[in-house]
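As a plain string of letters, each chain reads:
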Amino acid sequence: MTGRKTVLLCGVVALLLCSACTKEEGQGNLLSVNYSFKWERAYWDIRNGVIGQAFYNGPKLGTAWDLSINRTSGKSILFATVHRAAMKFYYGNCLGVHRPVLADSKTKIAVKDENASWGTGCCWGTWSHQGVIPDIIIAYPANSTPSDYIIGTTIHELAHQSHLLFMNLGTYIQLGKEIHESWAAAVEWAFLNDYYRTDLNAYTNGHYDRADNLYFFSKQNWEPGTMNGGKSYCYTPLFIDLIDNCNQSLDGYYRRPDDKISGYSLQYIQNNILPSAYGLSSCYNSVKNHKINGVTNQDIDDLFHHYWGYNYSR
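Worth saying up front: this structure is predicted, and the values here are computed from it rather than measured.

### Overview of the nonpolar core
With 66 residues, the main nonpolar core has F239 and Y264 as its most contacted residues. Of all the elements, helix α4 (residues 177-199) adds the most residues to this core, at 11 residues. The contacts of Y264, once residues within four sequence positions are left out, are L242, I243, I269, I273, V287, H290, K291, I292 and V295.

Shown next, in the form of structure tokens:
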């Protein structure tokens, strides 16, 4: 007899196509299994490219099968790493951030094994719902990209979707790009710290920020006027600076934000500051209206000083 069985292994849907023979007394002997992983869960679906479903098609065996996915596994390392990030946001400790669960469909995450000219991640804004257009696209070369980059970008794009759902679409499309991207950057940074330091217990001293990525994730090297304007200006450390205890303007970096503020949480910012933060001016007022203990109006003035007067549009 033959049969198809779907089981859940380590958060991945495993499809088993089985062949077996049955003895007279009704006991079955398993002859072979076609092993296959389908990269999806209840809230998301990972695609191989823009349209096709992402699978790992394994061997046909009559024994147990152990699978190790690593840098030599081709696209599978991308699928597995994106899946890890999604598991963190949808099922893990989301640090109080709104989970990006769609009401009537799965989030469609397209994964491309390439060094794309347009960037590494894109959130389309859940426009298609039941349609075929992906909600999110992640693009990285599979054989050369560190896993934290892939996890971080996936979290970043899911943070856009979370922000949209939290605010509602009609409000979200009115927000300035500096609010969109600075919030997603803060979620990415905080989730990476929590994932590597707490979930994996990989870093026990200080924040997770590998030496070569010290500024890549935390944006502490952001300075107005040193980038090409437009899109690159949007990825600021504004919300990170409300949380961390690093003042990047010290040691002679006078063009960087003067960050004397710390102690906020993602959850507090989301629930109290974001609802009124449409652009820099409204965000500035919202931060002042929701100061935590120990933060002064002068601290807020000093932090926002370097943000005024620049074009943050794409």
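Resuming the write-up.
### Thoughts on the pattern of salt bridges
Pairing between side chains of opposite charge can happen when their charged atoms approach one another. For the coordinates displayed, the defined rule picks out 11 salt bridges. A salt bridge links K88 to D194; its shortest N-O distance comes to 2.4 Å. Of the two residues, K88 sits in helix α1 (residues 75-91) while D194 sits in helix α4, which places them 106 residues apart along the sequence. There is no split in this pair, since K88 and D194 are both buried. A cluster of three or more residues bridged by salt bridges with shared partners is formed by K38, E40 and K106.

### Considerations on the confidence of the model for the chain
Averaged over every residue, the pLDDT of the chain is 82; the share at 70 or more is 79%. The secondary-structure element of the chain with the lowest mean pLDDT is strand β1 (residues 2-9), recorded at 43, while helix α6 (residues 266-273) shows the highest, at 98. Predicted confidence is poor over residues 1-9, with pLDDT under 50, and the contacts of this stretch with residues over four places away or in other chains come to 26 contacts. Across residues 16-30 the pLDDT falls below 50, and counting only partners more than four positions away or on other chains, this stretch makes 36 contacts in the model.

### Some remarks on α1
Along its 17 residues, α1 runs 24 Å from first to last C-alpha, staying within 8% of the 24 Å computed at 1.5 Å per residue. Within α1, 13 of the 17 residues are buried, which leaves the element mostly enclosed by the surrounding structure.

### Let's talk about unusual backbone geometry
A positive phi angle, close to 55 degrees, is found at L95, a residue other than glycine. Within the secondary structure layout, L95 lies in the loop between α1 and β7 (107-113). The backbone of N168 shows a phi angle near 85 degrees, a positive value even though the residue is not glycine. You can see N168 is positioned in the loop between α2 (147-167) and α3 (169-172).

Analysis parameters
- Residues numbered from 1 in each chain as written.
- Predicted model: local features only at pLDDT ≥ 70, side-chain atom pairs only at ≥ 80, totals over all residues.
- Heavy atoms only, no water.
- Core = buried A, V, L, I, M, F, W, Y, C linked by side-chain atoms within 4.5 Å.
- Buried < 20%, exposed > 50% of the residue type's maximum accessible area, 1.4 Å probe, protein only.
- Helix = DSSP H or I, 4+ residues; strand = E, 2+ residues; numbered from the N terminus.
- Contact = heavy atoms within 4.5 Å.
- Salt bridge = Lys/Arg side-chain N within 4 Å of Asp/Glu carboxyl O.
- pLDDT = per-residue confidence, 0-100.
- Expected span 1.5 Å × (residues − 1).

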